[in-house]
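# Commentary on secondary and tertiary structure
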Amino acid sequence: MWLAVEPLDMRAGAEATLARVVNVFGAARPHHVYLFANRRANRMKVLVHDGIGVWLAARRLNTGRFVWPREGSATVTLSRAQLDALVLGLPWQCIGEAGVIMVL
């Protein structure tokens, strides 16, 4: 699971988002998940390459924001536990191996 730090225009469809994945990550690899947020980090797009084609999903928080990195590298690798926390709007950076919560 890969997270892009730079914001994505939420009007982007599957083709534009796939092009962004290739631009940011170098390629869309089978069985990988790519995450993007808008500038306010209250909306997220998720592109999944299932080995046959791509799926594009969107998620919006009614209140609050996703915890999204603003600085550092252009991409971040996430574990499954971190992804689960991220889509709920929780501080995923505190989730370590096997779901153990750590202090930053």
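All of these numbers come straight from a predicted model, not from anything done at the bench. (Residues numbered from 1 in each chain as written. Predicted model: local features only at pLDDT ≥ 70, side-chain atom pairs only at ≥ 80, totals over all residues. Heavy atoms only, no water.)

### Quick look at the sheet that holds strand β3 (residues 43–49)
In sheet architecture, strand pairing relies on hydrogen bonds along the backbone and comes in two forms, parallel and antiparallel. Ordered in space as β4-β3-β2-β1-β5, the 5 strands form an open sheet in which the pairing is mixed. Among the strands making up the open sheet, the edge pair consists of β4 (54–60) and β5 (75–77). Here the average twist between neighbouring strands, direction ignored, is 20°. Two elements, β3 and β4, share 7 bridges in a ladder whose sense is antiparallel. Bridge pairing in β4 links arginine 43 to arginine 60. Taken strand by strand, helix α1 (residues 14–25) contacts β1 (2–4), β2 (32–37), β3, β4 and β5, and its axis lies near 100° from that of β2. (Pairing = 2+ DSSP bridges. Helix = DSSP H or I, 4+ residues; strand = E, 2+ residues; numbered from the N terminus. Axes fitted to C-alpha atoms, helices over the stretch in contact; angles between N-to-C directions. Contact = heavy atoms within 4.5 Å.)

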